[in-house]
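# Observations on the model geometry
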Amino acid sequence: MIKACVIGWPISHSRSPLIHGYWLKKYGIDGSYSRHPVEPTSLAGFIGGLDGAGFAGCNVTIPHKEAVFNLVERADETTERLGAVNTVYLRHGKVLGTNTDGEGFINSLRQHAPSLRLAGSRAMVLGAGGASLAVVNAILEQGAEGVVVANRTREKAQQLRNRFGLRVVPIEWHEIPDRLASCSLLVNTTSLGMTGQPELDIDLSQLSQDTIVTDIVYTPLRTKLLEQAAVRGNIVVEGLGMLLHQAVRGFSLWFGVTPVVTEELHDLIARDIDPDFSP
Ligand code: ATR
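We now turn to the structure provided with this report. All of these numbers come straight from a predicted model, not from anything done at the bench.

### Some remarks on the overall build of the protein chain
Of regular secondary structure, the protein chain possesses 11 helices and 12 strands. Computed over its C-alpha atoms, the radius of gyration of the protein chain comes to 19 Å, within 12% of the 19 Å expected for a compact globule of 279 residues. In terms of overall dimensions, the protein chain has a C-alpha envelope of 55 × 45 × 35 Å along the principal axes. Here the protein chain holds 279 residues, and the buried ones make up 52% of them.

### Notes on the sheet that holds strand β2 (residues 31-37)
The pairing of strands in a sheet comes from backbone hydrogen bonds and takes either a parallel or an antiparallel form. Reading across from one edge, β2-β1-β3-β5-β6-β4 is the order of the 6 strands in this open sheet, with mixed pairing throughout. Each having just a single partner strand, β2 and β4 (74-75) make up the two edges of the open sheet. Bridge count between β4 and strand β6 (residues 94-98): 2 bridges; the pairing is parallel. Counted as the bridge partner of Arg74 is Leu96 from β6. Lying on the sheet, helix α1 (residues 16-26) is in contact with β1 (2-8), β2 and β3 (55-60); it crosses β2 at an angle near 175 degrees.

### Description of the site of the ligand
Lining the immediate surroundings of the ligand are Gly127, Ala128, Gly129, Gly130, Ala131, Asn151, Arg152, Thr153, Lys156, Thr190, Ser191 and Leu192. Judged by the proximity of its atoms to the pocket grid, the ligand belongs to the largest pocket. In the shell around the ligand, the residues fall into 3 nonpolar, 7 polar and 2 charged.

### Examining helix α5 (residues 101-112)
A rise of 1.5 Å per residue sets the reference length of α5, with its 12 residues, at 16 Å; its end C-alpha atoms lie 17 Å apart and thus fit the reference within 8%. Within the sequence span of α5, burial applies to Asp101, Gly102, Gly104, Phe105, Ile106, Ser108 and Leu109.

### Topic: empty space enclosed by the protein
Taken as a whole and judged by the stated rule, the model has 2 cavities of 30 Å³ or more. Its volume calculated, the largest cavity comes out at about 50 Å³. In terms of lining residues, the largest cavity is bounded by Gln111, His112, Gly241, Leu244, His245, Val261, Thr262, Glu263 and His266. Among the secondary structure elements, those contributing two or more residues to the lining of the largest cavity are α5, α10 (240-255) and α11 (263-273). In terms of residue count, α10 provides more of the lining of the largest cavity than any other element does, 3 residues in total. Among the residues forming the lining of the largest cavity, the class breakdown is 2 nonpolar, 6 polar and 1 charged. Reported here for the second largest cavity is a volume of approximately 40 Å³. Taken together, Phe105, Ser108, Leu109, Thr214, Asp215, Ile216, Val237, Glu238, Gly239 and Met242 make up the full set of residues lining the second largest cavity. The class makeup of the residues in the lining of the second largest cavity is 5 nonpolar, 3 polar and 2 charged.

### Things to note about the pattern of salt bridges
Summed over all chains, the structure comprises 10 salt bridges. One salt bridge in this structure joins Arg122 and Glu145, with 2.9 Å as the shortest N-O distance. Of the two residues, Arg122 sits in strand β7 (residues 122-126) while Glu145 sits in the loop between α6 (130-141) and β8 (146-150), which places them 23 residues apart along the sequence. For Glu145, a relative accessible area of 47% gives the class partly exposed. Here the salt bridges do not stand alone but share partners, grouping Glu77, Arg81 and Glu141 into one network.

### Notes on the layout of surface pockets
Roughly 1400 Å³ of internal volume is contained in the largest pocket. Lining the largest pocket are 47 residues, with Ile62, Lys65, Ala131, Met194 and Ile216 positioned closest to its centre. Only β3, α3 (65-69), α6 and α10 provide two or more residues apiece to the lining of the largest pocket. Among the elements that take part in the lining of the largest pocket, α6 stands out by supplying 4 residues, more than any other. In terms of residue class, the lining of the largest pocket is built from 20 nonpolar, 21 polar and 6 charged. The computed volume of the second largest pocket comes to approximately 180 Å³. Lining of the second largest pocket is provided by 16 residues; of these, Thr78, Gly102, Glu103, Ala138 and Glu141 occupy positions nearest its centre. When contributions to the lining of the second largest pocket are tallied by element, the ones reaching two or more residues are α4 (77-82), α5 and α6. If one sorts the elements of the lining of the second largest pocket by residue count, α5 sits on top with 5 residues. Residues of the lining of the second largest pocket, tallied by class, amount to 4 nonpolar, 7 polar and 5 charged. Counting contributing residues, the lining of the second largest pocket receives three or more from each of domain 1 (2-100 + 247-273) and domain 2 (103-238).

The rules behind the values
Residues numbered from 1 in each chain as written. Predicted model: local features only at pLDDT ≥ 70, side-chain atom pairs only at ≥ 80, totals over all residues. Heavy atoms only, no water. Helix = DSSP H or I, 4+ residues; strand = E, 2+ residues; numbered from the N terminus. Rg over C-alpha atoms; globule rule 2.2 N^0.38 Å. Buried < 20%, exposed > 50% of the residue type's maximum accessible area, 1.4 Å probe, protein only. Pairing = 2+ DSSP bridges. Contact = heavy atoms within 4.5 Å. Axes fitted to C-alpha atoms, helices over the stretch in contact; angles between N-to-C directions. Near = heavy atom within 4 Å. 1 Å grid on protein atoms, 1.4 Å probe; cavity = no way out; pocket = protein on both sides within 12 Å on 5 of 7 lines; lining within 4 Å. Sits in = over half its atoms within 2 Å of the grid points. Nonpolar A, V, L, I, M, F, W, Y, C, P; charged D, E, K, R; others polar. Expected span 1.5 Å × (residues − 1). Points joined across faces, edges and corners; volume = space filled by probe spheres on them. Salt bridge = Lys/Arg side-chain N within 4 Å of Asp/Glu carboxyl O. Domains from an automatic or database assignment.

The structure is reproduced here in structure tokens:
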């Protein structure tokens, strides 16, 4: 029996057990995927004790991603650049860390907006927190010419430029409408628009018809930003796709099977988020 889990503080909201549980059943694997609330003070002990407790690894969520980066013995290049780990796995007794948020973001776009070409393009990213870091890095890794970043706290957008270089262009929040026209992709990485948070309210009147609009928020499944863009006729990509696709590599590392993100899995998680969801 292979065991994996997700850790966070708090953790009750996590849908990862539902996702991995679906795949374990689908592929007939003798495994389990549990959820564990881990306080910051217990984190080092938990990660150090994974092997002894019989875990093949774990997912890491808020607020532990940066702390776990400092606890793993080795991380790959992308993860080093992000300084944050969302997936831990054991190899020959060593605790290794990686980050699958960027590939989750890109593979969701590939699935739902296959016409998008990021190489040589310009993107706009709203927000400059932890999620933005992974998204901006992923867009740059795809060869984008530039990523315009708007954030309430400008200093944090500037920090992304310091980290990633001159292809990152910080702008003021009020500049968003004028800058939209030249972007192939618009991404919200802020918590605005999430259930219980204030709405993200931006003027899309200058948005090109060809711009693909996506949100990493997936509660609600279709945010107001996506709704507004869809009404204008733009292709929109919901945030749930990123959640599903970021889970793929962890499952493969722990259980040895690369799982497929199916419609059936999507609908299962969508119904958990919104009981009224219908395909
Ligand atoms: P995450 O890891 O999910 O990215 P985070 O690092 O706390 O979380 O980042 C949250 C993002 O949402 C930030 O870009 C934040 O802007 P600030 O850097 O100015 O804090 C943005 N955000 C949160 N609440 C906001 C609000 N009310 N108005 C504008 N931006 C907001």
